[in-house]
Amino acid sequence: MATYTWVLQGSTPTTIESTDIVQLAGAGGFDDPVTVGEYNDTTHVESSVGANDSSGNTPNNNKFVSQSGGTGGDSTADWGDGTEDIDAITEAECALKINFSHGSAVAVTSHIFYAYDGSTTTSAPTGVTFVAAEQGDTNFTGAEGSGSALSIGDSASATSHDFYILISASPDSVGEKTAFTLRDELTYS
Amino acid sequence: MVAGKYTALEVLQALDQDFEFDGQVYEAEEVFGKFRVRINGIAGITKPEHIFRFQPGTEEIKVVVGNETYDLDLDAIDDGVDESTISEGAKQVIEAQGKVKTEEMAAKMSSKGRPEAESETLATKSEQRRLAELEAQKAKEDE
């Protein structure tokens, strides 16, 4: 049987349940707004009833800084140590860890990750600029809608597959952004 | 080799042998597109720059080239090293892909009316604001 586990990494990992919200917030922490045009300073797991499920776990945050301002045109981000080239980030420093497991050893291919409006997978999230990168990438992908998804490398046969992803978002306008869903798709065989 | 990301060419080269078909000998980089290449469950590999990942815990991989199957052992990751590796070949491919991503991003941000330079400036303003808040808090504590 196949199992998907999403985790917001931090000093203690927080499992993201199917009804949870990944909250990208401002410097003030949980529920703090992000200024229009700026990127998230903190990341949290919010339960379906509004509780801070990642409280006390010091969750990781990956803040987009620039697409090509780093060494040799690399993207840069801040994950707590100041602005760095994103290919310097370690697996443990990425915000998101997605694990795919199966009772039998399977290979994972055609793996993509993106944000959409929660209704139509080809549609970008509403009112938000969203970027993502796989650990080891040199540049972010504007992963909005399935047609612009982050392409994650194939993973050879194993019973457990870990994928480490940086995520960052910025509001294009004022107001809470709820037409904004993260989606991961893969083929296993 | 240890667990991590590699190109298909690097894996075939790690087998350290030539591949013979119908009396003709081919080097690793010559088999792609000519013969079946399957690496540990991943089929249809037609390009030497095809990147894939061996998950930690993988100790042996099976490589199929044409009708022959080869075994390749992976070394256990050294104690104390949690991070799986990214090979030099994989890094070069990722870097080339990154340039394409940057071009696509520039077009996307332009259509949103958000040039990249703006995000750098705003990040700096955000940091300046936070610094001012911290200084104000410190001044209050010192009183």
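Structure first, text after, so check above.
All of the points below concern the structure found in this document. (Residues numbered from 1 in each chain as written. Chains lettered and ligands numbered in written order. Predicted model: local features only at pLDDT ≥ 70, side-chain atom pairs only at ≥ 80, totals over all residues. Heavy atoms only, no water.)

## Notes on the overall build of chain B
Phase 1: Helix and strand counts for chain B stand at 4 helices and 8 strands.
Phase 2: From first element to last, N terminus to C terminus, chain B shows the α and β order β-α-β-β-α-β-β-β-β-β-α-α.
Phase 3: Looking at chain B as a whole, 36% of its 143 residues qualify as buried.
Phase 4: In chain B, the share of contacts with a sequence separation of at least 24, taken over all contacts with a separation of at least 6, comes to 59%.
Phase 5: Total accessible area on chain B is roughly 8,700 Å²; 46% of this is exposed by carbon and sulfur atoms. (Helix = DSSP H or I, 4+ residues; strand = E, 2+ residues; numbered from the N terminus. Buried < 20%, exposed > 50% of the residue type's maximum accessible area, 1.4 Å probe, protein only. Contact = heavy atoms within 4.5 Å. Areas by Shrake-Rupley, 256 points an atom, 1.4 Å probe, with all protein chains shown as cover.)

## Some thoughts on the side chain of Thr42(A)
All names here are of chain A.
Phase 1: Its location among the elements puts threonine 42 in strand E4 (residues 42-46).
Phase 2: A distance of 2.8 Å separates a polar side-chain atom of threonine 42 from the backbone oxygen of glycine 26.
Phase 3: Here threonine 42 is in contact with Gln23, Leu24, Ala25, Gly26, Ala27, Gly29 and Asn61, once residues within four sequence places are set aside. (Polar contact = N/O pair within 3.5 Å; in protein donor to acceptor, adjacent residues only side chain to side chain.)

## A closer look at the interface of chain A and chain B
Phase 1: Chain A puts 49 residues into the contact, and the matching count from chain B is 34 residues.
Phase 2: Of the roughly 3,200 Å² buried between chain A and chain B, counting both surfaces, carbon and sulfur atoms make up 44%.
Phase 3: Run the count over chain A and chain B and you get 6 salt bridges.
Phase 4: A salt bridge links Asp137(A) to Lys101(B), with the nearest nitrogen and oxygen atoms 3.1 Å apart.
Phase 5: Remark: the boundary between chain A and chain B carries 15 residue pairs in polar contact (both at pLDDT 80 or more).
Phase 6: Elements with a contribution of two residues or more to the side of chain A that touches chain B: strand E5 (63-66), strand E8 (96-116), strand E9 (128-134) and strand E11 (154-171) of chain A. (Buried area = accessible area lost by both parts, 1.4 Å probe. Salt bridge = Lys/Arg side-chain N within 4 Å of Asp/Glu carboxyl O.)

## Observations regarding the layout of surface pockets
Phase 1: Roughly 1,000 Å³ of volume is contained in the largest pocket.
Phase 2: Every residue lining the largest pocket is counted, 34 residues in all, and those nearest its centre are Ile21(A), Val22(A), Gln23(A), Lys177(A) and Phe180(A).
Phase 3: Elements with a minimum of two residues in the lining of the largest pocket: strand E1 (2-8), strand E2 (14-16), strand E3 (21-25), E9, E11 and strand E12 (181-188) of chain A.
Phase 4: The element that contributes the greatest number of residues to the lining of the largest pocket is E3(A), accounting for 5 residues.
Phase 5: Among the residues making up the lining of the largest pocket, the classes are represented as 18 nonpolar, 9 polar and 7 charged.
Phase 6: Looking at the second largest pocket, its volume works out to about 490 Å³.
Phase 7: If you go around the second largest pocket, you meet 22 residues; those closest to its centre are Leu150(A), Ser151(A), Ile152(A), Gln97(B) and Lys101(B).
Phase 8: Elements that contribute at least two residues to the lining of the second largest pocket include exactly strand E10 (150-152) of chain A together with helix H3 (88-112) of chain B.
Phase 9: In terms of residue count, H3(B) provides more of the lining of the second largest pocket than any other element does, 7 residues in total.
Phase 10: Residues belonging to the lining of the second largest pocket are distributed by class as follows: 7 nonpolar, 8 polar and 7 charged. (1 Å grid on protein atoms, 1.4 Å probe; cavity = no way out; pocket = protein on both sides within 12 Å on 5 of 7 lines; lining within 4 Å. Points joined across faces, edges and corners; volume = space filled by probe spheres on them. Nonpolar A, V, L, I, M, F, W, Y, C, P; charged D, E, K, R; others polar.)

## Considering the sheet that holds strand E6 (residues 60-65) of chain B
All names here are of chain B.
Phase 1: Overall, antiparallel pairing links the 3 strands, which are arranged E4-E6-E7 in an open sheet. Sheet topology places strand E4 (37-39) and strand E7 (68-73) at the edges, where each strand pairs with a single neighbour. Each neighbouring strand pair of the sheet contributes to a mean axis angle of 15°, computed without reference to strand direction.
Phase 2: Sheet topology places E6 next to E7; 6 bridges connect them, and they run antiparallel. Bridging across to E7, valine 63 finds its partner in tyrosine 70. (Pairing = 2+ DSSP bridges. Axes fitted to C-alpha atoms, helices over the stretch in contact; angles between N-to-C directions.)

## So, the pairing of E1(A)
Residue and element names in this part refer to chain A.
Phase 1: Across 7 bridges, E1 lies against E8 in antiparallel orientation. Bridge pairing links tryptophan 6 to isoleucine 98 in E8.
Phase 2: The pairing of E1 with E2 spans 3 bridges and is classified as antiparallel. In the strand pairing of E2, valine 7 is matched with threonine 15.
Phase 3: Linking two consecutive strands that pair antiparallel, namely E1 and E2, is a turn of 5 residues.

## Things to note about the side chain of Ser170(A)
Phase 1: Here Ser170(A) lies in strand E11.
Phase 2: The exposure class of Ser170(A) is buried, given its relative accessible area of 1%.
Phase 3: Separated by 2.8 Å, the side chain of Ser170(A) and the backbone oxygen of Glu38(A) make a polar contact.
Phase 4: If we ignore the near neighbours within four places in the chain, the residues touching Ser170(A) are Gly37(A), Glu38(A), Tyr39(A), Gly127(A), Val128(A), Thr129(A) and Arg114(B).

## Side note on the pattern of salt bridges
Phase 1: Counting across every chain of the model gives 11 salt bridges over all chains.
Phase 2: Between Glu91(A) and Arg53(B) there is a salt bridge; the shortest N-O distance is 3.0 Å. Taken together, the residues span two chains, with Glu91(A) in the loop between strand E7 (83-85) and E8 and Arg53(B) in strand E5 (residues 51-54). The residues Glu91(A) and Arg53(B) share a single accessibility class, namely buried.

## Focus on H3(B)
Turn by turn, an α-helix covers 3.6 residues, leaving residues three or four places apart pointing in a common direction.
Residues and elements named next belong to chain B.
Phase 1: When the terminal C-alpha atoms of H3 are compared, their 36 Å separation across 25 residues agrees well with the 36 Å that a helix rising 1.5 Å per residue should span.
Phase 2: Among all positions in H3, only Gly89, Ala90, Val93, Ile94, Gly98, Lys101, Thr102, Met105, Lys108 and Met109 are buried.
Phase 3: Where H3 terminates, the next one or two residues include glycine 113, which has phi positive at roughly 75°. (Expected span 1.5 Å × (residues − 1).)

That is the geometry; function is a separate question.
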